[in-house]
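Tertiary structure, described
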Amino acid sequence: PAAREYTGTVEDCCCDYETADAINEEVLHPILRELVTLPFFRYFKVKLWCDCPFWPDDGMCRLRDCSVCECPENEFPEPFKKPYSGLSPHSMICQEGKPQAAVDKTLDSKIFKGWVETDNPWTSDDETDNNEMTYVNLQLNPERYTGYTGDSARRIWDSIYKENCPKYPSEELCHEKKALYKLISGLHSSISVHIAYDYLLDESTNKWGQNLSLLYDRVLSYPERVQNLYFTYLFVLRAVTKAADYLEQAEYNTGNPEDDLKTQSLVKQLLYNHKLRSACPLPFDEAKLWQGENGPELKQEIQKQFRNISAIMDCIGCEKCRLWGKLQVLGLGTALKILFSVDGDSYLNQPLQLQRNEVIALFNLLNRLSESVKFVHEVIKEQSPSTVQK
Ligand code: FAD
């Protein structure tokens, strides 16, 4: 694909490709890459064994690499084992009522009150601690090729696209539905990019490496899929920067002061980076959504569709894909919660409350997207160096 296809503003975003690539290379990628290795961000709580609510389990995974290695009790951080000390959701004070559809572009700046167990209206999982939850060390379980293909994988994507976020056929599809499709398609592109980036090239010698033809076949030959990857990346980036004050105040406590200070410092570097803020102050403009008359109904409909997509993750027949599928959908659900933090069932705008696991998912998702954008950009640039304008 010609690099010139990726110049100008990313469709439906407020930032162009060149800027998106530059801030990724200079700011986001270096910070995120380090951040996700630190203890706070590398342990993700997940319920891996759940029955698929939609059809009998048909999962088949060819490689041993499919399975997830869990953390023994003594490995993950001590504070993660304790019940939350923050306010319970019942003691949260609601702000003055606002119409459900209105999007507030600011967030109360003094809002972090400790980690809470609170529902995310965009996701289906009950995040309450129980003995079905396990901690997984993400560093030991990288997202890469697992050999999960065929009917089972196809069925998941088909049911996501056909039933829950149909591709917009023409101009008639509203902004919001288009945005949902693009978010999912962008995530799909990112997953494919990671498969191509870390692929089992030779099973007999266990040789891993890049599979560029797969990258072309699944992503680069379809400019729209690349565009959607950038869209998802900017959407999630906007959510992170919108919640900057909350995320800055949050407790990154794992019981190891040295690591925790480093985490805090990297989070701050990312959130208040001058280059990032000046080059792309508003990566996505969420206030443009839900403006029509039927905004509240539309939001409920899309929320329901996204919750369905989140439930479908339990049908993925490959443990490692399920882990990363759940993490990334939770990350997207967290971004949606930040950008449209209105309780779907009431007409009150609530102060933002995030769970620790949501923040872990959000930053890990942004890191995955940032890696995908970097790899795609490098390959495209190499293909047509003369057309890349910087
Ligand atoms: P698929 O990627 O399965 O695509 C199916 C169809 O969707 C395509 O034929 C095309 O019509 C459409 N499509 C493809 N890409 C896009 C896009 N970006 N936007 C819109 N439409 C698109 N496999 C691994 O090896 N490792 C993993 O970590 C992994 N994680 C997964 C996580 C999830 C949530 C799911 C559902 C699957 C995961 N898989 C993973 C499987 C992987 O995504 C593919 O399904 C599999 O490799 C088979 O690929 P495929 O060529 O049949 O096309």
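Quick look at the structure, then. (Residues numbered from 1 in each chain as written. Predicted model: local features only at pLDDT ≥ 70, side-chain atom pairs only at ≥ 80, totals over all residues. Heavy atoms only, no water.)

**So, the pairing of strand β3 (residues 199-202)**
The side chains of a regular strand alternate, first on one face of the sheet and then on the other. In this structure, β3 lies alongside strand β4 (residues 207-209), joined through 3 bridges in antiparallel fashion. Along β4, the bridge assignment pairs tyrosine 199 with glycine 209. (Pairing = 2+ DSSP bridges. Helix = DSSP H or I, 4+ residues; strand = E, 2+ residues; numbered from the N terminus.)

**Re the site of the ligand**
Looking at the ligand, there are 23 residues lining it, with Arg144, Thr146, Ser185, His188 and Arg218 nearest. One nitrogen or oxygen atom from the side chain of arginine 154 is found 3.2 Å from an oxygen atom belonging to the ligand. Computed on the free molecule, the ligand has an accessible area of 950 Å², of which 85% lies beneath the protein chains in the complex. Mapped onto the shell around the ligand, the elements with two or more residues apiece are α4 (150-164) and α5 (175-197). Ranked by residue count, the leading element in the shell around the ligand is α5, at 6 residues. (Near = heavy atom within 4 Å. Polar contact = N/O pair within 3.5 Å; in protein donor to acceptor, adjacent residues only side chain to side chain. Areas by Shrake-Rupley, 256 points an atom, 1.4 Å probe, with all protein chains shown as cover.)

**Notes on the packing of aromatic side chains**
One pair of aromatic rings is described through two measures. These are the centre distance and the angle between the planes. Counted under the stated rule, the structure contains 20 aromatic pairs. Judged by centre distance (5.7 Å) and plane angle (85°), the ring pair of phenylalanine 40 and phenylalanine 80 falls under edge-to-face. Of the two residues, phenylalanine 40 is situated in helix α2 (residues 39-42) and phenylalanine 80 in helix α3 (residues 78-81); the sequence distance between them amounts to 40 residues. For the pair formed by phenylalanine 40 and phenylalanine 80, the shared burial category is buried. Joined through ring pairs, the aromatic side chains of Phe40, Phe41, Phe80, Trp115, Tyr135, Tyr252 and Phe363 make up one cluster. One Lys or Arg, arginine 225, reaches over the ring of tyrosine 222 and ends 3.6 Å from the middle of that ring. Looking at arginine 356, its charged tip hangs above the ring of phenylalanine 80, at a distance of 4.3 Å from the centre. (Phe/Tyr/Trp six-rings, centres within 6.5 Å; stacked < 30°, edge-to-face > 60°. Buried < 20%, exposed > 50% of the residue type's maximum accessible area, 1.4 Å probe, protein only. Lys NZ or Arg CZ within 6 Å of the ring centre and 35° of its normal.)

The analysis is restricted to geometry; functional conclusions fall outside its scope.
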